[in-house]
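Structural overview
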Amino acid sequence: MTLNDPRINYVLRQGDTPLILAQRLCAWCGHAPELEIDLALANIGLDLLGQARNFLGYAAELAGEEYSEDRFAFGRDERQFHNLLLAEQPNGGFNDTLVRQFLLDVYHVQLHQALSHSRDPQIAAIAAKSLKEADYHLRFSRGWMIRLGDGSALSHQKIQQALDNLWRFTAELFHADELELELAEQGIAADPRLLQAPWRAVVDDTLRLATLSLPEEQAFRRGGKQGRHSEHLGPLLAEMQFLQRAYPNSDW
């Protein structure tokens, strides 16, 4: 499956990150530390799945009749996915999931605010709808970051540890490649470099309230948007795509 059109590639990027993150969150169903969190993570996962469907559906519309949102979700191989590396990192403990979610929630609020002004009316409409959900997601994850960061010595230590471990994946959020710069110049895409300052302001304020320390700058990982992934995406896709791979073109 080769799709070289920049707009299709960009729309797939916007669909792949919430799709992979939704798969991660839904794995918590029945396993979260308390019922409220279990239901919240499942609902956030469903919101993200809806966002993914909207973007992948639009990509299919742009690509032509032979494509569909299902084909994009279940018919692509690992190197054909364009999600951010942070989204595919393992759930680990609730501390790891929470920090991953918080960092991406802040990013998604800034991203969808920018994309809601896109010159592509469909991208703008999807982003405007997604922004309402992203605001709720951020209220949830930010509240728990503050509660646990400024909680017991153990909860503080666990959140700080997860933050330190995941921080190296955040720089990719704001690394712009030629495709993004080209579409941003046309007013279609968001320039990720412009999202970093407002993202950092929210993160810094949250860490202050949570009595957490900003991790030291370190060598960062990138490449997810270009299809170069960590060792964690392959097993996730194997599980997510199993049914369609075993029974191609099946439907309910």
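Residues numbered from 1 in each chain as written. Predicted model: local features only at pLDDT ≥ 70, side-chain atom pairs only at ≥ 80, totals over all residues. Heavy atoms only, no water.

The name recorded for the chain in an unreviewed UniProt entry is Phenylacetate-CoA oxygenase subunit PaaC, from Serratia entomophila.

Some thoughts on helix 10 (residues 233–240)
By the burial criterion, the buried members of helix 10 are Leu 233, Leu 236, Leu 237 and Met 240. Taken end-on, helix 10 shows its buried residues confined to a sector of 95°, consistent with a single buried face. Facing away from the buried side of helix 10 by over 90 degrees, the exposed positions are Pro 235, Ala 238 and Glu 239. Against helix 1 (6–26), helix 3 (69–74), helix 4 (85–88) and helix 11 (242–246) lie the buried residues of helix 10. (Buried < 20%, exposed > 50% of the residue type's maximum accessible area, 1.4 Å probe, protein only. Helix = DSSP H or I, 4+ residues; strand = E, 2+ residues; numbered from the N terminus. Arc of directions from axis to C-beta. Contact = heavy atoms within 4.5 Å.)

Focus: the layout of surface pockets
Considered as a void within the structure, the largest pocket measures approximately 390 Å³ in volume. Every residue lining the largest pocket is counted, 16 residues in all, and those nearest its centre are Leu 19, Leu 49, Ala 73, Phe 74 and Met 240. When contributions to the lining of the largest pocket are tallied by element, the ones reaching two or more residues are helix 1, helix 2 (35–63), helix 3 and helix 10. Here the element with the most residues in the lining of the largest pocket is helix 2; it accounts for 6 residues. When the residues that make up the lining of the largest pocket are grouped by side-chain class, the tally is 10 nonpolar, 2 polar and 4 charged. (1 Å grid on protein atoms, 1.4 Å probe; cavity = no way out; pocket = protein on both sides within 12 Å on 5 of 7 lines; lining within 4 Å. Points joined across faces, edges and corners; volume = space filled by probe spheres on them. Nonpolar A, V, L, I, M, F, W, Y, C, P; charged D, E, K, R; others polar.)

Focus on the nonpolar core
If you look at the biggest cluster of nonpolar residues, it comprises 75 residues, and the most contacted ones within it are Leu 103, Tyr 107 and Trp 199. The contacts of Leu 103, once residues within four sequence positions are left out, are Leu 86, Leu 163, Leu 166, Trp 167, Thr 170, Leu 173 and Trp 199. (Core = buried A, V, L, I, M, F, W, Y, C linked by side-chain atoms within 4.5 Å.)

Let's talk about the environment of Gln 122
Within the secondary structure layout, Gln 122 lies in helix 6 (residues 121–149). Once the C-alpha coordinates of Gln 122 and Ala 63 are considered, the two residues, 59 residues apart in sequence, prove to be 14 Å apart.

Comments concerning the packing of aromatic side chains
Taken as a whole and judged by the stated rule, the model has 6 aromatic pairs. Among the aromatic side chains, those forming a connected cluster through ring pairs are Tyr 107, Trp 167, Phe 174 and Trp 199. Its end group placed over the ring of Trp 144, Arg 147 keeps NZ or CZ at 4.0 Å from the ring centre. (Phe/Tyr/Trp six-rings, centres within 6.5 Å; stacked < 30°, edge-to-face > 60°. Lys NZ or Arg CZ within 6 Å of the ring centre and 35° of its normal.)

Considering the side chain of Asp 96
With respect to the secondary-structure elements, Asp 96 resides in helix 5 (residues 94–115). For the buried Asp 96, no salt bridge exists, and the shortest N-O distance to an oppositely charged side chain is 7.7 Å, to Lys 158. Once residues within four sequence positions are removed from consideration, Asp 96 is found in contact with Asn 91, Ala 162 and Leu 166. (Lys, Arg positive; Asp, Glu negative; His and termini not counted. Salt bridge = Lys/Arg side-chain N within 4 Å of Asp/Glu carboxyl O.)

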